[in-house]
Amino acid sequence: MSALHDLTLVELADGLAARRFSSREIVDALLGRIAKADEKLHAFTEVYAEEAKALANATDAARASGFPLGPLHGLPVAYKDLCDIAGRIGTGGSKMYAARTATETANTIERLTAAGMPPLGKLHMVEFAFGGWGTNPLMGAPWNPWDLKTHRVPGGSSSGTGVAVAARLVPAGIGSDTGGSVRIPSAFNGLVGLKVTFGRIGLSGTMLLSWTLDSIGPMARCVEDCALLLNALAAPDPRDPTTLGQPLEDFTLAVKPASVKGMRLAVPDSRQLPDFMHPDVVQAWQTAARTFESLGASVEAVRLPDWYFDLSRPAGTIIASEAFSLHRAYIEDTTKPIGPGVRGRALAAKQFAAGAYAEEIRTMADRRRAFADWFRPYDAILMPTVAVPAIPLAEVDEASPIPGYLTRPANYLGLCSLAMPSGQSGGLPLGIQIVGKPFAERDVLRLGKAFQDATDFHRRAPDLTSLGL
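What this report covers is the structure whose coordinates are included nearby. Not measured: the values here are computed from a predicted model.

### Quick notes on the environment of Val192
With respect to the helices and strands, the residue Val192 is situated in strand E5 (residues 192-195). In the structure, Val192 is positioned 34 residues away from Cys226 in sequence and 7.5 Å away in space, judged by C-alpha atoms.

### Some details on the nonpolar core
Residues Leu72, Leu112, Leu382 and Leu445 are the most contacted members of the largest nonpolar core, which totals 154 residues. Take this core: its biggest share by element is 8 residues, from helix H7 (residues 223-233).

### Some remarks on unusual backbone geometry
Where the residue is not glycine, phi is negative for most of them; where a peptide bond is considered, it is trans in most cases. In this structure, the amide linkage connecting Gly156 to the following residue, Ser157, adopts the cis form with an omega of 5°. Here Ser157 is to be found in the loop between strand E3 (119-123) and helix H5 (159-166). Notably, Arg19 is not glycine yet its phi reads approximately 60°, a positive angle. In this fold, Arg19 is placed in the loop between helix H1 (9-17) and helix H2 (23-41). Note on Arg19: relative accessible area 56%, which makes it exposed.

### Focus: the environment of Ala419
Here Ala419 shows up in strand E10 (residues 416-425). By relative accessible area, Ala419 is classed as buried at 0%. Here the alpha-carbon distance between Ala419 and Ile434, two residues 15 residues apart in the chain, equals 6.5 Å.

### Some points on the packing of aromatic side chains
Within the structure shown, the criterion is met by 15 aromatic pairs. Measuring from centroid to centroid gives 5.4 Å for Phe292 and Phe451, while their planes differ by 20°, and the two rings are stacked. Highlighted residues: Phe292 in helix H8 (residues 279-294) and Phe451 in helix H13 (residues 441-454), separated in sequence by 159 residues. For the residue pair Phe292 and Phe451, the accessibility class agrees, reading buried in each case. Judged by centre distance (5.6 Å) and plane angle (35°), the rings of Tyr308 and Phe371 are tilted. Within this pair, whereas Tyr308 is found in the loop between strand E8 (298-302) and helix H9 (312-327), its partner Phe371 is found in helix H11 (residues 356-375), the two being separated by 63 residues in sequence. Pair check on accessibility: Tyr308 and Phe371 agree, each one buried. Taken together through their ring pairs, the aromatic side chains of Phe276, Trp307, Tyr308, Phe309, Phe371, Trp374, Phe375, Tyr378 and Tyr405 make up a single cluster. The lysine or arginine in question, Arg88, covers the ring of Tyr48, its NZ or CZ lying 4.9 Å from the ring centre.

### Some words on the side chain of Arg200
Counting through the fold element by element, Arg200 comes out in the loop between E5 and strand E6 (216-220). On the basis of relative accessible area, Arg200 is assigned to the buried category, the value being 0%. At a separation of 3.4 Å, a polar atom in the side chain of Arg200 contacts the main-chain carbonyl oxygen of Phe439. A polar contact of 2.9 Å, which involves the side chain of Arg200, links it to the side chain of Glu441. Look past the residues within four positions of Arg200 in its chain and what remains in contact with it is Leu233, Ala234, Ala235, Gln246, Pro247, Glu249, Phe251, Phe439 and Glu441.

### Describing the pattern of salt bridges
In total, this model carries 28 salt bridges according to the counting rule given. Salt bridges linked by common partners bring Glu104, Glu110, Asp237 and Arg239 together as one network.

### Section: the pairing of strand E2 (residues 77-80)
The pairing of E2 with E3 spans 4 bridges and is parallel. Pairing of Lys80 across the sheet is with Leu123, part of E3. Tracing the backbone out of E2, into helix H4 (residues 107-114) and back to the parallel element E3 gives a crossover that is right-handed. Of the strand pairs in this sheet, E2 and strand E4 (residues 173-176) are connected by 2 bridges, and their pairing is parallel. Directly across from Ala78, in E4, lies its bridge partner Gly173.

Calculation criteria
Here the residue numbering is sequential within each chain, running from 1 through the sequence in written order. Per-residue local features of the predicted model are confined to residues with pLDDT of at least 70, and side-chain atom pairs are confined, for both listing and counting, to 80 or more; whole-chain, interface and lining totals are unaffected and use all residues. Processing note: side-chain calculations cover all non-hydrogen atoms of the structure and skip hydrogens and water entirely. Each helix corresponds to a stretch of at least 4 residues labelled H or I by DSSP, and each strand to a stretch of at least 2 residues labelled E; elements are numbered beginning at the N terminus. Remark: nonpolar core denotes a set of buried residues (Ala, Val, Leu, Ile, Met, Phe, Trp, Tyr, Cys) joined through side-chain atoms within 4.5 Å. A 1.4 Å probe rolled over the protein chains alone gives each residue an accessible area, and that area as a share of the maximum for its type sets the label: buried under 20%, exposed over 50%, partly exposed in between. Note on aromatic contacts: the rings of Phe and Tyr and the six-membered ring of Trp form a pair at centre separations within 6.5 Å, being stacked when their planes are under 30 degrees apart, edge-to-face when over 60 apart, and tilted otherwise. By definition here, charges over rings are those cases where NZ of Lys or CZ of Arg is within 6 Å of the ring centre and within 35 degrees of the ring normal. Pairs of N or O atoms within 3.5 Å make up the polar contacts considered here, provided that, within protein, one atom can donate a hydrogen while the other can accept it, and that residues adjacent in sequence are counted only when both atoms are side-chain atoms. Contacts are residue-level and defined by heavy atoms, with any inter-residue pair within 4.5 Å sufficient. A pairing counts as a salt bridge when a side-chain nitrogen of Lys or Arg comes within 4 Å of a carboxyl oxygen of Asp or Glu. Here the rule is simple: two strands pair whenever DSSP picks up at least two bridges between them. A clockwise course of the path from the first strand over the helix to the second, judged with the strands pointing away from the viewer, identifies a crossover as right-handed.

Right, dumping it as structure tokens:
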């Protein structure tokens, strides 16, 4: 039998149901890994060791009663530190908030706790969730586990989640995605990450970056785990009216063995991609397209609208404008411990022309209507997630458009997107994303499951033996 830390949520659930091990044994095994590895990896802001043990004991007692339990009952999880827990510290990745006590509990944590998931702790992130490389000069950047000799970017802003899940410190975690912050760390760490449609998962109790584009999303090591978490999270949240009109579905049906024959997959002309694409990323993406073709999908070469890859800029205008609005009370105060990169991105909003934000919101609505017409014949779009493998932290240019260039358009256009590992370059993970229509998570999960079953990329793990693991 595989070691407990190597098992996915679905595999752990099967083991619990068969009484092969207990929830407490899972929690203890993972806490032991965290104790050995996290001094180096720096994924957790806080470890809830005693709380996780107590809740694991409770879930084991419930299981012993013989009463029917849900599929997530007894399975550990960890949260990006923008999901608040009332009465506990919530930093939002900012040293300025190192002693901030939350006053409400996030919808995400309420729902997963109600589903029986013991929380292993909170995870590091880019300050205010505003950055794609995964840097955090004041609280420290997590260490990408795929290279223990060189400190490489973990991807952001859900940096700690990416590192913790990849390093098998937790089977799955929660991130957020405003311009790629679930998908970028998933690509850099070899994970499966789901950017859901805006309005799928309630944002109440979550520290916002952009109230127009933010979304919560699961990050895991297989497609089935993302579907399982989405089943628990996708529901109306009375505190978040954007969630009240969504269709209610069973997403686990999408990851049952099924053919993708006849599904139409649009693959953009490679000449539309930016000139900073790494050749190995392009090759892995093109190989993935051939894999889908071999599975029976109709893979069609297309030209995206000429403005598609320019959407990173207007998305940035909206994000910066809303971030400045949320943090304007202190973002200009240089006595506050705020990282210079994040401060600079937020202050950029002050340079926008009067009315620029309102104009971008109006234009976004027009673009969404136009793209819905373009997208109508297809089930999904296949493209790379990030243009490059993880670079050394020392080489980061905070002004670079690279990390979010290929991911921001999905947020701007109100789409969903599943990031998946698609190969490696020099031992570093590469990723693809399957972009779907609004509220078409079942389609991207179905396609992702088919690709996963035809490859082994999701089974690859970083070598952590030098950390005593």
